[in-house]
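Residue-level structure breakdown
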Amino acid sequence: MSATTYANKNATCVSMTSTSGDYKTGNGPTGTYLNRTDTTFTPNDWHNSNSIMSTTAVRQQGGSLEIRQSARKLRNDTHSLTNWGQHDNTTRLSDRMRDLIAWKDKLEQTIADTDVEIALLTNHKERCETALTNMTTPFEVAHDNLATRTIRVAIDLVEDEVQQELNKEVEVIRWN
């Protein structure tokens, strides 16, 4: 008896030629069917057929096992890679957030310090303006006194110690 195995799109078919006739299996619309040209087989034919089917099944089982192991390894590798990538990205994001929070705190502190400095400068400016305003009155008084002394006539127009002190006072007020 000779046997050949071939695969088609739907199933694996076994075709055997026995001493007593042809034996074929195939798929029909209602399931597996046998197409026999002769109905009698020898026990040797039956053993050969079983041996071929067993060998085919073992070969397919080995291939299936390799595919399952390969798929399991791919799944585990992908899972590990995904977990590592997620851990790495989470770590980098938390570091970046920590940096941003530190910069935000530093900027807020700088703004607060700048506001305090502006308040101090504004206070100092107001004091300076008040001092300047307070200096105009003595300047005007000293200047008026000098003007009054310069309109004196003849013998009353004297350059004395009072005149010198008024000139010094005007100069001191002007340069301060």
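Scroll up to find the structure this text is about.
Everything quoted here is computed from the prediction, not taken from an experiment. (Residues numbered from 1 in each chain as written. Predicted model: local features only at pLDDT ≥ 70, side-chain atom pairs only at ≥ 80, totals over all residues. Heavy atoms only, no water.)

Quick word on the pattern of salt bridges
Note the threshold: We define a salt bridge as a side-chain nitrogen of Lys or Arg found within 4 Å of a carboxyl oxygen belonging to Asp or Glu. Segments assigned H or I by DSSP are reported as helices when at least four residues long, segments assigned E as strands when at least two residues long, and all are numbered from the N terminus. Each residue is assigned to one of three classes by its accessible area relative to the maximum for its type, calculated with a 1.4 Å probe on protein chains only: buried under 20%, partly exposed between the two thresholds, exposed over 50%.
The full count for this structure, using the stated rule, is five salt bridges. A salt bridge links lysine 125 to glutamate 129, with the nearest nitrogen and oxygen atoms 3.8 Å apart. Taken as a pair, lysine 125 and glutamate 129 lie in helix α1 (residues 43-150) at a separation of four residues, close to a single helical turn. Of the residues examined, glutamate 129 reaches a relative accessible area of 41% and is grouped as partly exposed.

Structural notes on the packing of α1 against helix α2 (residues 161-175)
Selection criterion: Note on method: axes are straight lines fitted to C-alpha atoms, helices fitted across the in-contact stretch only, with angles between N-to-C directions ranging 0 to 180 degrees. Crossing handedness is read from the near helix: turned anticlockwise from the far helix by less than a right angle, it gives a left-handed crossing, and turned clockwise, a right-handed one. Any pair of residues with heavy atoms lying within 4.5 Å of one another is described as a contacting pair. Three residue categories are used. Nonpolar comprises Ala, Val, Leu, Ile, Met, Phe, Trp, Tyr, Cys and Pro, charged comprises Asp, Glu, Lys and Arg, and polar comprises the others, including Gly.
In contact at an axis separation of 9 Å, α1 and α2 are set at 145° when each is read in the N-to-C sense. When the axes of α1 and α2 are compared, the crossing they make is left-handed. Residues Met135, Pro138, Phe139, Ala142, His143, Asn145, Leu146 and Arg149 of α1 lie in contact with α2, whose contacting residues are Val162, Gln163, Leu166, Asn167, Glu169, Val170, Ile173 and Arg174. Residues that form the contact of α1 with α2 fall into these classes: nine nonpolar, four polar and three charged.

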